[in-house]
Structures are given as structure tokens and as C-alpha cells.
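# Coordinate analysis (summary)
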Amino acid sequence: MATEYFLGDEAVAWGAIDAGIAGAFSYPGTPSTEIFETIQAVAPSVWASWSANEKVAYEEALGMSYAGRRALVSMKHVGLNVAADPFINSALTGVNGSLVLVSADDPGMHSSQNEQDSRFYAEFAKIPCFEPSSQQECYDMTREAFRLSERVGLPVMIRLVTRLAHSRSIVIRHPDEECERRETALPIPDPNDWTLVPHNARRRYRRLLEMQPTLLAYSNESPFNLLTLGGRRALICSGTGYNYIREALGGRPEDSLLRVAVYPLPTDRIREILGHCDEIYVIEEGYPFIEQRLIGLLGIPGKSVRGKLDGTLPMDGELTPELVTHALGGTSAKHMPADPIAVARPPQLCKGCPHCDTFSALVDATAGYPGAVLFSDIGCYTLGAMAPYRAVHSCVDMGASISMAHGASRAGARPVVCTIGDSTFTHSGLTPLIGAIRTNADITVMILDNATTAMTGAQDSLATGEELIELLRGFGVKDLHVFEPLPKHHEENVEIIRRAIEHKGLSVIVARRACIHIRPHQRPEAATIPVGEA
């Protein structure tokens, strides 16, 4: 045994390492980033290189599973939207070597554009899902998820939330514990099971449906799903909700308690607690997933169910101990009073950030165009929406800036300019740019090349510097410009943007200057092409 002090993310990473994974796959995204970074830093024998996006990461992990090795793929909740196609279909192909997906949700939207709940994806794909409540369970459930994946031949999800992923606690590791380790790869599976033409897909879907009673039996028997019968009030909870109940009640045994940690929902234990109690409280982080399934369309005759749907708890934002205490009838205020010392400060670009000078030039270049439309994307530069720039009119999802710019131009908008970072460009900007090139869309695409994935901690970018220029030329971009965003080049950069806007058809500008947080020895070599037209 080894006693450690881990973030929830780090506990998952070590659980995967101790389970004998051969590879880890991911794209940076808060709050999941530290899972991959931990593996990359401490496990040199594990293949770990950032993927272009979450879809690619999932497919790479699935390929490793096909070849008979264990793989971990991790991402934030909106990244699972990107990976949904291979994820859903992998439930039909099944897995060969164990495959565990970690999806880290972000209730309260600390660094995300929505609060979606990944448990719905697990239910939709009809696969098992684990939801830990502590860092120790992050480790233990990761180990168990790999065992289960190989046993049932399906991918298995672990659902985290920000508060668990980014808080620390003591974790006891069991690196030598038997986990059905594989010293050699499993044999290659039947190709017919992995080739989802209709005939095979129908057969594999029937197999997935036939697996459901087995998965339900596992959930009903899992020791992670804790049931304690006491008083006539039932508390059904999951994830961090379990911790908040313990804090709110101080461990008092008056109530009956069911902690759900393994899905599909353990129907036998739910029937048992509902048969024992008249009043039910559902405490869960995220959407009212458990609550909706309890009450169905018409509710439970003779039972009172309280939770998010009836307003006992708020539908949005994170749970807190105060909210749960209030919901359960304690004395805590429903909303915490404002701190008289801490003053809220809106986020802003770092002092000296190259995006500041890029947006300053963009604002001045478009000042003479009252109808200018400025689309943007996911990254540090989204903060260009703030004063004094106001240079971001939309931010929807990764890569949407180029696609939306193209669509707006076809509706008659002009000029249309979009800004996208180098990492986001390789994540989801390549495909819409191909379409814009093909049809010579009348838009200006500005790629903000700061040589890294800055917003999530300066991870590697897959196309920056000369490689990015070569890529754009290979795609067939004809009107291509490069400038260095510095105050001393301001007037020249404004003129470059104006020329690109006046060009009839597609123009691309690369604003190239490394993020100030990249150490000098890590910075890319100086541009070898002249500033201006490339």
C-alpha cells in the first residue's frame, strides 16, 4: 500500500496506471486536464501524447483496445459531444482490451459553456457508469472500471465533477492488487464485430440489449451503491451530494440513505428504500437524472419526492453544503452572504498577452465598418469579448467561428472576421476551413498563433509556427498573411487586416507571437517568412 495526497484527477490517473494501462488519450479541457498530465509526467512506459481533439482521442483509445491493450481516455463534458460518434458506436463494437472513459462535468460553468450531465450519455449508450464521491473512490472505481470493462466487453464511464476533480484528499493506493493485468496483448477480435455495416450493427445492438440485465444485476449487487434503512425519510444521493448530506446531518442515523455510485440505477435498492419511506429527497450534482427516473411522468402515488424538479434545490449551479442543509430543513441560509472583503473581478487577458495587441489591431481595422461581424472561438482569446475590445460577437463551441462566419457571409453579412487559436484550429477548425476554401467564402479568418494551448495550462499545440503556415498553404489558402502582434507594429497590422477584409473571397491571417507564459527556451523559432503576405 502507498498513502498519497491526490486531486480527484490524480487519483483517477494513478488508478489507471495501477490497472496496467498501455495508453492514455486526451485533449486539454478543464476540469479533466490533470488526469492526462499526471500519467504523462509519472508513467513513462504508458503512451501519452495529446490528441488533436476528443473524437480522435477516443478513436485512438478504441484502436488500442482493439489491439488488446488497456486504454484510458479522458475529457471534459463538452468534449464528449465531440467524441459522441465513436463513443456511442463503441458500445456496439464492444471492447477487447479494457477501455475506460472519464468525463469531467462542470456544474456552475467555471470554465465551460454549459452544465450538461454526462450520465445521460452513459444511459444513451447503454454502458455502465461510476460516479465517485471521494478521491479514494476515484482511485478504487477506476481500478474496478477496468475490471468490469474487460468482464462485460464494453466501455465503462467514470463521471467526475469540478469540485471532486480539483480538490485533494488522502488516497491509499494498492499498486500490487490483482487487476487482471495483461502482460501480453489479447488476441485480435472478430473483425465482423467491429465492422458496423448494417448486418453486423443490428447483431451487435441486440447483443448490447441482451447485456442490460447483466449490467443491472452488477449495479444492484455493487458495494459502491450503499443502502442504509432508518427513518421514514429517504435521502437518495450521488457523487458530491453524498458528502454534503453527511456534512448537513452530521452523521445522524435518523434517515434512510441510498448512495448511488454505479449506473444503471440499482432498481432493487431503490424499490427497497421507496417501500420503506414516504418522503424522498434526491440530492445529486448536475441535472435531476435520478429524480426524473424516480417520478417518471406521473409521480409515485402516496410518496412525496423533493429535489430539483420541485424547487427544493436549484436547477442550475453547483450544490453546496449550505444548499443541502437548507433543503433538508436545517438552519443554513439558502444563499451565502456576499463576502465584504473579496471583490469580484471579471476575467481578463494577461498583461502582455499577444491577443491584446491582435484585438487592438482588429478593433481599429474594423472601425470603419459599422456592420462588421466578429465571430470567435474557445480559448483565452474569448476574453476579447470584454472591454476595452468588444471584438468577440459569438463563442459557441470548438471550431464554430469559421463555420458561423461562412454561414453569415452566405446570408449577406460583410465584413465577416473570425478569430481562432492555433490549438482550437487543429481541434475543429480544419474541416470548416476546407469548406470555406472550396467555395471561396468571403470571410477573413484570423488564426491567433501563440504556440500553445494556453487556457488549460500551456499544453502542446499540434500546428504552430512554420508547420501551421505549411498546413495552410497545403490546404490551398491563396490570400495568406502573417503579422507579429506588438504595439510597435500596430499601424502595419491594422493595414494588413484591412487589406484582407477588402479582398473578395477567403483571406487568412496568422497573428504569430508566443504566449507570455511559455518559457524562452520553449518558444518556437522566429518566423523565417517575411511579415505581411505569406
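Notes on the structure in this doc start here. Since the model is a prediction, treat every value here as computed from it, not as a measurement.

Conventions adopted
- Residues numbered from 1 in each chain as written.
- Predicted model: local features only at pLDDT ≥ 70, side-chain atom pairs only at ≥ 80, totals over all residues.
- Heavy atoms only, no water.
- Helix = DSSP H or I, 4+ residues; strand = E, 2+ residues; numbered from the N terminus.
- Buried < 20%, exposed > 50% of the residue type's maximum accessible area, 1.4 Å probe, protein only.
- Contact = heavy atoms within 4.5 Å.
- Pairing = 2+ DSSP bridges.
- Right-handed = clockwise from strand over helix to strand, strands pointing away.

With that settled, the discussion passes to unusual backbone geometry. Looking along the chain, the bond that leaves T30 and enters P31 is cis, with omega of 15°. The residue after R414, namely P415, is reached through a cis peptide bond having omega -5°. Within the secondary structure, P415 is located in the loop between α16 (400-410) and β16 (416-421). Positive phi outside glycine occurs at M109, with the angle close to 50°. Relative to the assigned elements, M109 resides in the loop between β5 (99-105) and α6 (119-125). The class of M109 is partly exposed, set by a relative accessible area of 38%. If you check the backbone angles, K126 has positive phi at about 65° while not being a glycine. Its place among the elements puts K126 in the loop between α6 and β6 (129-130).

Before going further, it helps to spend a moment on the side chain of D357. Structurally, D357 is set in helix α15 (residues 354-365). Residue contacts for D357: discarding those within four places in its chain leaves P485, L486, P487 and R513.

Covered by surrounding structure in strand β18 (residues 480-483) are L480 and V482 together with H481 and F483, the residues of both alternating faces. For β18 and strand β19 (residues 507-512), the ladder comprises 4 bridges, and the chain directions are parallel. Pairing of F483 across the sheet is with A511, part of β19. You can see the chain leave β18, run along helix α19 (residues 490-502) and come back into β19, and the turn it takes is right-handed.

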